[in-house]
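# Close look at the chain arrangement
In case you want the letters, here they are:
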Amino acid sequence: MQEHQHNIKLPDGSIERQTTTLNLGPTHPATHGVFQNILEMDGERIVSAESTVGYIHRAFEKLAERRPLYQITPLTDRLNYCSSPINNMGWHMTCEKLLGVQTPKRVDYLRVIIMELARVADHVICNSVIGVDTGALSVFLYVMQYRELIYEIYEEICGSRLTTNIGRIGGFERNFNATTWEKLERFLKEFPKALKEFENLLMRNRIFMDRTIGAGPISAERALNYGFTGPNLRASGVDYDVRIHTPYSSYQDFNFNIPVGTTGDVYDRWLVRNQEMWESLEIIKQAYQKIQEFKGEEAEVYHANVPEYYLPKKEDVYTKMEALIWHFKIIMGETAIPAGEVYHSVEGGNGELGFYMISDGGRSPYRLHFRRPCFIYYQAYAELVKGAMLADAVAVMSSLNLIAGEMDA
Amino acid sequence: MQALTQKSKPVSREPMSLMEKIYLPAVLKGMSITFSHMFKKKPTVRYPEETRPFSPVFRGLHVLNRDEEGRENCTACGLCAVACPAEAITMEAAERKEGEEHLYREEKYAARYEINMLRCIFCGLCEEACPKDAIYLSETFAPASFARKELVYAKNDLLIPNPKTEPEAFAKAKGLKPIK
Ligand code: SF4
Ligand code: SF4
């Protein structure tokens, strides 16, 4: 750029080389969250970018040191809020690992259903927002009603839509009711059509392809060096998926593929997410079938039998002394928690979400660390957008599926 | 990169065909999809004239419950405050005096009970923690307000209407069908 300008004969007294500093964020509508990037712009091209973190840092890791285990679940809701059930389940599984709780198969499958629904909700937002950022608004609106349906399914189980606080240590707070199954069936029936239409509108659309192919690519090696996981790593061609490499919640019982890309550009990331939604649908169908096969008492199980950590039934609490005592002990966080160190990770909506907990046997963790994939992707952002056009920078950001809440914890 | 598993499935990145490059047919096809959507059933709800049905376990605004005789259920055990991850609940306990049996179900009751709606995250853990069926989350949302003070709800704001004197309001707050 510089040499190019040196060739031009500028009038005397003019400034030879001029770049503009542009603040993209922290409250820019195109960044979908509180991200700040200080861009050095040469015309429409980005010369360098400097990313800032911490605009919605809420000290979750510190807060968690003062909370009993069950009170940390609402904190995890607010990490990647597009797929909070995955965070919740990941956290419960971490606790179960520490406490040595074995969950029944039916609970695992129910969890798989919820987690895969959350993955679909997450990807549907991310992919349609890439559409919005490249100028296609209607696709976003068409798929939104199915995200609503997913949220309604959550609502039937836990009572809330976005910040779900769903599930408990050992299982679920309540069994899935008839409405939940009905809505799930409706989802399985109607969503594939909507997803197909969504695909038709974007996948082979020339404008979309022109905008996204070659934008913000990252090689497999660079991606691995940064510590990428999830769809963003898979788009670069590495078939790493926590669900297959270290199966949790009985994922080994399911049959599904890992979609991988080749170049790791925006288009690849979009394609990988899109294909993952189809895979998720397959998993949900398989899980639904497996759940139908449970008979008798097993078909009603929705939590593990762990009276030390799972709250007794309300009727028992009102009437029986024993239950009331357990109830008090659990709520006050006075049940025994072993000392130890655990790491558990789940395939979150946008990558490997890990929980690293050290417990000294006290009522709350001694130290808890969330491995937040967004934080890692964001480190690579400056490299990805260097030399790109400003409009591409926005598309790259949404294609990485950066969620400010998760990045800053 | 060598494959780590046998399950990988490359996504298709075919180059654009001529038809796709011309783009005009695609525009028309896209338009036809958009037009077809104009005649579909509207998925939106015209809030606030209409509301969508909530699930029976929806976590909205708190209600302090009374029993059938109109006595307050809460015994000021403090479990809800302990369970609250947002530290939104404050209370002061008092002992029931003689002649107050028609007001409070238990011998101890909450003389002051406040929930700071600005802190509350509607997680529902207080409802789960209550051993007396005294607090639960209803279907209403917290209304907006211009003053912070107004969003610290005192006991009188939270208490459910008395089923003896206002049975209809009680039923409505409880989410039951109106009693005739
Ligand atoms: S509302 Fe329930 S948990 Fe809270 S103090 Fe009253 S009785 Fe105890
Ligand atoms: S809903 Fe959660 S945050 Fe709100 S008062 Fe109850 S426990 Fe506290």
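Everything numeric in this text was worked out from a predicted model, so none of it was measured.

Secondary structure assignment for chain A yields 17 helices and seven strands. At 23 Å, chain A has a C-alpha radius of gyration in line with the 22 Å of a compact globule built from 409 residues. Viewed in the frame of its principal axes, chain A has a C-alpha envelope of about 90 × 45 × 30 Å. Scored against the burial criterion, the 409 residues of chain A give a buried share of 51%. Sequence separation of 24 or more characterises 70% of the internal contacts of chain A that already satisfy a separation of 6 or more.

All names here are of chain A. Packing of helix α12 (residues 266-292) against helix α16 (residues 390-399) leaves a shortest axis separation of 10 Å and a crossing angle of 30°. Accordingly, the angle class assigned to the pair α12 and α16 is roughly parallel. Every pair of crossing elements has a handedness; the one defined by α12 and α16 is left-handed. Here α12 contributes Val266, Arg269 and Trp270 to the contact with α16, which in turn contributes Ala395, Val396 and Ser399. Residues belonging to the contact of α12 with α16 are distributed by class as follows: four nonpolar, one polar and one charged.

Residues and elements named next belong to chain A. Of all hydrophobic cores here, the largest spans 90 residues; its most connected members are Leu117, Val396 and Leu402. Among the elements that line this core, the one with the most residues is helix α5 (residues 105-133), at 15 residues. For this core, the domains that each give at least three residues are domain 1 (2-52) and domain 2 (60-408). When sequence neighbours within four positions are dropped, the list of residues in contact with leucine 117 reads Ile150, Ile153 and Ile284.

A word on the pairing of strand β6 (residues 351-360) of chain A. Residues and elements named next belong to chain A. Pairing analysis gives ten bridges linking strand β5 (residues 339-348) to β6, with the strands arranged antiparallel. Counterpart to glycine 340 in the pairing with β6 is serine 359. In this antiparallel pair of consecutive strands, β5 and β6, the connection spans two residues. As defined by bridge partners, β6 adjoins strand β7 (residues 367-371) across five bridges and the pair is classed as antiparallel. When the bridges of β7 are listed, tyrosine 356 appears paired with histidine 369. Hairpin connection between β6 and β7: a loop of six residues separates the two successive antiparallel strands, and glycine 361 in this loop has a positive phi of roughly 90°.

Looking now at the site of ligand 2. Surrounding ligand 2, one finds 13 residues, the nearest of these being Cys84, Ala86, Cys120, Cys123 and Cys126 of chain B. Split into classes, the residues belonging to the shell around ligand 2 amount to twelve nonpolar, one polar and no charged.

It is worth spelling out the sheet that holds β5 of chain A at this point. Two strands in a sheet stick together by hydrogen bonds in their backbones, pointing the same way (parallel) or opposite ways (antiparallel). Residue and element names in this part refer to chain A. Sheet architecture is open: three strands sit in the order β5-β6-β7, paired in antiparallel fashion. Each edge of the sheet is formed by a strand with only one pairing partner; in this case those strands are β5 and β7. On average, each strand axis in the sheet is inclined to that of its neighbour by 10°, with strand direction left out of account. In this fold helix α4 (residues 84-99) packs onto β5 and β6, with an angle of close to 150° to the strand it touches most, β5.

All right, on to the UniProt feature "domain: NADH-quinone oxidoreductase subunit D" (unreviewed entry) in chain A then. The UniProt feature table records "domain: NADH-quinone oxidoreductase subunit D" (unreviewed entry) at residues 133-408 of chain A. Here residues 133-408 of chain A runs as 51% helix and 10% strand, with 23 Å between its end C-alpha atoms.

Quick look at the environment of lysine 9 of chain B now. Secondary-structure assignment places lysine 9 of chain B in strand β1 (residues 8-10). Using a count of 13 C-beta atoms within 10 Å as the deciding quantity, one classes lysine 9 of chain B as partly exposed. Sequence-wise, lysine 9 of chain B and tyrosine 23 of chain B are 14 residues apart; in three dimensions their C-alpha atoms are separated by 29 Å. Once residues within four sequence positions are removed from consideration, lysine 9 of chain B is found in contact with Asn257, Ile258, Pro259 and Val260 of chain A.

Turning our attention to the interface of chain A and chain B. Counting residues at the interface gives 42 residues for chain A, matched by 38 residues for chain B. Among the elements of the structure, α3 (69-77), α6 (138-158), α7 (178-202), α8 (206-212), β4 (258-260), α12, α13 (314-319) and α14 (321-331) of chain A are those that each provide at least two residues to the side of chain A that touches chain B. Within the side of chain A that touches chain B, the residues separate by chemical class into 20 nonpolar, 14 polar and eight charged. One ladder, built from three bridges, connects β4 of chain A with β1 of chain B; its direction is parallel. Paired with isoleucine 258 of chain A across the two strands is serine 8 of chain B, which belongs to β1 of chain B.

Turning our eyes to something else, we now look at the sheet that holds strand β6 (residues 152-153) of chain B. Residues and elements named next belong to chain B. Strands sit in the order β3-β4-β6 across an open sheet of three strands; the sheet is antiparallel. Of all strands in the sheet, those bounded by a partner on one side alone are β3 (89-95) and β6. Examined bridge by bridge, strand β4 (residues 108-116) and β6 share two bridges and lie antiparallel to one another. Opposite isoleucine 115, over in β6, you have tyrosine 153 as the bridge partner.

Close to ligand 1 lie 14 residues; Cys74, Cys77, Cys80, Cys130 and Ala134 of chain B are nearest. Of the residues contributing to the shell around ligand 1, the split by class is eleven nonpolar, two polar and one charged.

We now examine the domain arrangement of chain A. All names here are of chain A. Partitioning chain A into structural domains gives domain 1 (2-52) and domain 2 (60-408). Between the C-alpha centres of domain 1 and domain 2 there is a distance of 37 Å. Facing 15 residues of domain 1, the contacting portion of domain 2 comprises 18 residues. Per-element tally for the side of domain 1 that touches domain 2: the top contributor is strand β3 (residues 45-52), with six residues.

Reading the values: the criteria
- Residues numbered from 1 in each chain as written.
- Chains lettered and ligands numbered in written order.
- Predicted model: local features only at pLDDT ≥ 70, side-chain atom pairs only at ≥ 80, totals over all residues.
- Helix = DSSP H or I, 4+ residues; strand = E, 2+ residues; numbered from the N terminus.
- Rg over C-alpha atoms; globule rule 2.2 N^0.38 Å.
- Buried ≥ 20, exposed ≤ 12 C-beta atoms within 10 Å, placed from the backbone.
- Contact = placed C-beta atoms within 7 Å.
- Axes fitted to C-alpha atoms, helices over the stretch in contact; angles between N-to-C directions.
- Parallel < 35°, antiparallel > 145°, perpendicular 65-115°, else oblique.
- Left-handed = near helix turned anticlockwise from the far one by under 90°.
- Nonpolar A, V, L, I, M, F, W, Y, C, P; charged D, E, K, R; others polar.
- Core = buried A, V, L, I, M, F, W, Y, C linked by C-beta atoms within 7 Å.
- Domains from an automatic or database assignment.
- Pairing = 2+ DSSP bridges.
- Near = placed C-beta within 6 Å.
- UniProt positions renumbered as here; feature names shortened; annotations may be inferred.

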